[in-house]
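# Coordinate analysis (summary)
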Amino acid sequence: MKLATLNDGTRDGKLVVVSKDLTRCCAAGYIAPTMQAALDDWARIAPELEVLARDVEHETVPCERFHERQAHSPLPRAYQWADGSAYINHVELVRQARGATVPDSFYHDPLMYQGGSDGFLAPRADIPLGDTAWGCDMEGEVAVVVDDVPMGVSAKDAAGHIKLIMLVNDVSLRGLIPGELAKGFGFFQSKPASAFSPVAVTPEELGDAWKDSLIHLPLMVDYNGEPFGRAEAAKDATFNLAQLVAHAAKTRDLSAGTIIGSGTVSNKGADGGPGKPVAEGGLGYSCIAEIRMIETIRDGEASTRFMAPGDTVKIEMRDSDNHSIFGAIEQEVVGV
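All of the points below concern the structure found in this document. (Residues numbered from 1 in each chain as written. Predicted model: local features only at pLDDT ≥ 70, side-chain atom pairs only at ≥ 80, totals over all residues. Heavy atoms only, no water.)

## Digging into helix α7 (residues 288–299)
A rise of 1.5 Å per residue sets the reference length of α7, with its 12 residues, at 16 Å; its end C-alpha atoms lie 16 Å apart and thus fit the reference within 8%. Taken together, the buried positions of α7 are I288, A289, E290, I291, M293, I294 and E295. (Helix = DSSP H or I, 4+ residues; strand = E, 2+ residues; numbered from the N terminus. Expected span 1.5 Å × (residues − 1). Buried < 20%, exposed > 50% of the residue type's maximum accessible area, 1.4 Å probe, protein only.)

Written out as structure tokens, the structure reads:
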């Protein structure tokens, strides 16, 4: 099942069921007015949405054309957004570039920060940037949405609480991060609003591509119209998404609608070392910081600049038949 939220001028938009090929949608307001309302009562609501989804596929209900540019993030705002770091390769590169080692705990105790969730950017909305010195970067990730998760849940049981899956551009301001972390209190200004894919899908919709709480497909990141990243989302993952959900729920319940991110999807190179750019036959990168770290390790300094007004990013994932699964996040950086 594929679900989306159309921007109808209200804060939380309207819930629609989307056809598998992303061409048509049907309003689901008579079942649940919003995505959050559906998640609040998922056990009862989901079967009704599944019936509507089948009707949409069979074209037995009135539908309208689905336009990704009219979609908001599936949850335009959420009770909680927490982003982990499933791909320790990314952390290793960042630390290596500044001559630091990765603590052993990082390999069995995930990193996680709590981001702002009171408002997300629409998947086709511009990325506002106040100053290029802030070091604007995209971060291509996978995210999951859960129903109510009890405190202390095991990773095995956490997998059953994953109800929807999305893609995310977790925008980061790299120039502000060091100063904030030096204060010892975590991210805030360096993590502005993120954007999620136009469509959220149920795990069942992914079929065999969803296994062990990971998507076994490449995450496609294009930068200024050129392939930038094709990292495999199930490769080199130190933690899966169920483990990240369990980590978030260690000391608290998670409310329905909580979003948990994977962190930047990152692969090692074929030789076990840093990966190569797509143009050189590698799988590339899901963020600019990673190629800058590789440049620093190799050349002593970074040569790839961060994003500036006019730069564009596209994040998408396609199935084995080359069909878009979640629709595409397509954004342009604009000065404000």
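## Remarks on the side chain of K2
Along the chain, K2 falls in strand β1 (residues 2–6). Buried within the structure, K2 lacks any salt-bridge partner; E205 is the closest side chain of opposite charge, at an N-O distance of 4.7 Å. A polar atom in the side chain of K2 sits 2.9 Å from the backbone oxygen of K20. Among the polar contacts made by the side chain of K2, one reaches the main-chain carbonyl oxygen of I325 at a distance of 3.0 Å. Residue contacts for K2: discarding those within four places in its chain leaves V16, V17, V18, S19, K20, L22, V199, A200, V201, E205, S324 and I325. (Lys, Arg positive; Asp, Glu negative; His and termini not counted. Salt bridge = Lys/Arg side-chain N within 4 Å of Asp/Glu carboxyl O. Polar contact = N/O pair within 3.5 Å; in protein donor to acceptor, adjacent residues only side chain to side chain. Contact = heavy atoms within 4.5 Å.)

## What about the pairing of strand β17 (residues 220–223)?
Remember that side chains alternate between the two faces of the sheet whenever the strand is regular. Residues M220 and D222 point to one face of β17 and V221 and Y223 to the other, with burial holding for every one of them. Two elements, β17 and strand β20 (residues 312–316), share 4 bridges in a ladder whose sense is antiparallel. In the sheet register, Y223 faces β20, and the bridge partner there is V313. Strand direction decides the pairing type here: β17 and strand β18 (residues 226–229), joined by 3 bridges, are antiparallel. The residue of β18 that forms the bridge with D222 is P227. (Pairing = 2+ DSSP bridges.)

## Details of the pattern of salt bridges
Two side chains of opposite charge can pair, provided their charged atoms sit close to one another. Applying the stated rule across the entire model yields 18 salt bridges. Note that R44 and D41 form a salt bridge whose closest N and O atoms lie 2.6 Å from each other. A residue is classified by how much of its surface remains accessible, and D41, at 31% relative accessible area, is partly exposed. For R305, the salt bridge goes to D311, with nearest N and O atoms at 2.6 Å. Classification of D311 by relative accessible area gives buried; the value is 6%. Ionic contacts of the salt-bridge type, sharing partners, join the residues D137, E139, D170, R174 and K191 into one network.

## Brief notes about the sheet that holds β18
Spatially, the 5 strands line up as an open sheet ordered β8-β21-β20-β17-β18, and their pairing is mixed. Edge positions in the open sheet fall to β8 (127–129) and β18, since each of these has one partner strand only. Shown here is a sheet whose adjacent strand axes are inclined to one another by a mean of 25°, direction ignored. (Axes fitted to C-alpha atoms, helices over the stretch in contact; angles between N-to-C directions.)

## Quick notes on the packing of aromatic side chains
With the rule as written, the count across this model stands at 5 aromatic pairs. The interplanar angle of 85° and the centroid separation of 5.3 Å between the aromatic rings of W81 and F196 together place this pair among those described as edge-to-face. In this pair, W81 is assigned in strand β6 (residues 81–84) and F196 in strand β13 (residues 195–196), connecting sequence segments 115 residues apart. With respect to class, W81 is no different from F196; both count as buried. Both rings, one in Y113 and one in F187, keep their centres 5.0 Å apart while their planes meet at 85°; by these two values the pair is edge-to-face. In this pair, Y113 is assigned in strand β7 (residues 112–115) and F187 in the loop between α5 (177–182) and β13, connecting sequence segments 74 residues apart. With a relative accessible area of 14%, Y113 lands in the buried category. Take F187: its relative accessible area is 26%, and that puts it in the partly exposed class. A network of ring pairs unites the aromatic residues W81, F120 and F196 as a single cluster. Stacked on the ring of F187, the Lys or Arg K191 has its end atom at 5.2 Å from the ring centre. (Phe/Tyr/Trp six-rings, centres within 6.5 Å; stacked < 30°, edge-to-face > 60°. Lys NZ or Arg CZ within 6 Å of the ring centre and 35° of its normal.)

## Brief notes about the environment of D126
Residue placement: D126 occurs in the loop between β7 and β8. Using a relative accessible area of 40% as the deciding quantity, one classes D126 as partly exposed. A C-alpha to C-alpha distance of 26 Å links D126 and H90, two positions 36 residues apart in sequence. Once residues lying within four places of it in the same chain are set aside, the contact partners of D126 are L121, Q331, E332 and V334.

## Some points on the environment of D41
Its place among the elements puts D41 in the loop between α1 (35–40) and α2 (42–58). Sequence separation of D41 and T258 is 217 residues, and the distance between their C-alpha atoms is 14 Å.

## With respect to unusual backbone geometry
Most peptide bonds are trans, and most residues other than glycine sit at a negative phi. Positive phi values are uncommon outside glycine, yet D212 reaches one of about 55°. Here D212 is to be found in the loop between β15 (210–211) and β16 (214–215). At N224, a position not held by glycine, the phi torsion is positive, near 50°. Along the polypeptide, N224 turns up in the loop between β17 and β18.

## As for the side chain of T202
Structurally, T202 can be placed in the loop between β14 (199–201) and β15. Its relative accessible area of 3% is what places T202 among the buried residues. Non-local contacts of T202, meaning those with residues more than four positions away in its chain, are made with M1, W42, K163 and L164.

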